[in-house]
Amino acid sequence: MGCTPQVRGKAVDYRQAICTTASGKYVLNTFASDKAQQDWLEYSSMYGGTYLVGTRWVVVSSPQLLEAARQRLGGRVQDAESLHRRSGEPPSTTGTT
């Protein structure tokens, strides 16, 4: 992405780093297994946001930056709402009547 990631956290099943460019900030996550990635996505999705999801990695940033990152890295852009629907939880009704 044109920056040097600064490792922020390491756990047994994942590693997280922050990378800042002139365009904005990225949070990079790599995972030891597919299950660790899925568990992280399910937990993180309750906070909202948009994610670029690849094989055992996730990038968190603004939707515009993630689209540019997707063109370089591949993966798929997903929002928290779609992750909740895939996990079987009902969609949020915030802001609707």
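### Notes on the overall build of the protein
And then number 1: Looking only at helices and strands, the protein has three helices and six strands in total.
And then number 2: The helix and strand sequence of the protein, counted from the amino end, reads β-β-β-α-β-β-α-β-α.
And then number 3: Out of the 97 residues in the protein, the part that is buried amounts to 34%.
And then number 4: For the protein, the proportion of contacts with a sequence separation of at least 24, taken over those separated by at least 6, is 36%.

### A closer look at the environment of Leu 28
And then number 1: In this fold, Leu 28 is placed in strand β3 (residues 25–31).
And then number 2: As for Leu 28 and Arg 15, which are separated by 13 residues in sequence, their C-alpha atoms are 8.2 Å apart.
And then number 3: Setting aside anything within four residues of it in sequence, one finds Leu 28 in contact with Pro 5, Arg 15, Gln 16, Ala 17, Cys 19, Val 58 and Val 59.

### Thoughts on the sheet that holds β3
Remark on secondary structure: sheet strands pair via backbone hydrogen bonds, oriented parallel or antiparallel.
And then number 1: The six strands lie next to each other as β1-β2-β3-β5-β4-β6, forming an open sheet whose pairing is antiparallel. In this open sheet, the two strands that pair with only one neighbour each are β1 (6–10) and β6 (76–79). Mean inter-strand twist for the sheet, computed between neighbouring axes without regard to direction, equals 25°.
And then number 2: The strands that helix α1 (residues 34–44) touches are β2 (14–20), β3, β4 (50–54) and β5 (57–60); relative to β4, the one it contacts most, it runs at about 170°.

### Some details on a nonpolar patch on the surface
And then number 1: A contiguous nonpolar surface patch, about 400 Å² in accessible area, is contributed by Tyr 43, Met 46 and Tyr 47.
And then number 2: Secondary-structure assignment places Tyr 47 in the loop between α1 and β4.

### Structural notes on the confidence of the model for the protein
And then number 1: On average, residues of the protein score 85 in pLDDT, and 85% of them are at 70 or above.
And then number 2: Every residue in residues 89–97 scores below 50 in pLDDT, and together they form four contacts with partners more than four places removed in sequence or on other chains.

### Details of the state of the cysteines
And then number 1: The final tally for this structure, using the stated rule, is one disulfide.
And then number 2: The disulfide partner of Cys 3 is Cys 19, and the S-S distance across this bridge is 1.3 Å. When the S-S torsion is 90°, as for the bridge of Cys 3 with Cys 19, the disulfide is right-handed. Here the residue Cys 3 occupies a position in the segment before β1, and Cys 19 occupies one in strand β2, the gap between them amounting to 16 residues. With respect to burial, Cys 3 and Cys 19 carry one shared label: buried.

### Some details on the pattern of salt bridges
And then number 1: For the coordinates displayed, the defined rule picks out three salt bridges.
And then number 2: Residue Arg 70 is joined to Glu 67 by a salt bridge in which the shortest nitrogen-to-oxygen separation is 2.5 Å. Residue Arg 70 and its partner Glu 67 are located together in helix α2 (residues 63–73), separated by three residues, close to a single helical turn.
And then number 3: For Arg 70, a relative accessible area of 31% translates into the label partly exposed.
And then number 4: Judged by relative accessible area, which is 30%, Glu 67 ranks as partly exposed.

Rules behind the numbers
Residues numbered from 1 in each chain as written. Predicted model: local features only at pLDDT ≥ 70, side-chain atom pairs only at ≥ 80, totals over all residues. Heavy atoms only, no water. Helix = DSSP H or I, 4+ residues; strand = E, 2+ residues; numbered from the N terminus. Buried < 20%, exposed > 50% of the residue type's maximum accessible area, 1.4 Å probe, protein only. Contact = heavy atoms within 4.5 Å. Pairing = 2+ DSSP bridges. Axes fitted to C-alpha atoms, helices over the stretch in contact; angles between N-to-C directions. Patch = residues over 30% accessible without salt bridge, like charges linked within 9 Å, V, L, I, M, F, W, Y side chains within 5 Å. Areas by Shrake-Rupley, 256 points an atom, 1.4 Å probe, with all protein chains shown as cover. Salt bridge = Lys/Arg side-chain N within 4 Å of Asp/Glu carboxyl O. pLDDT = per-residue confidence, 0-100. Disulfide = S-S within 2.5 Å.

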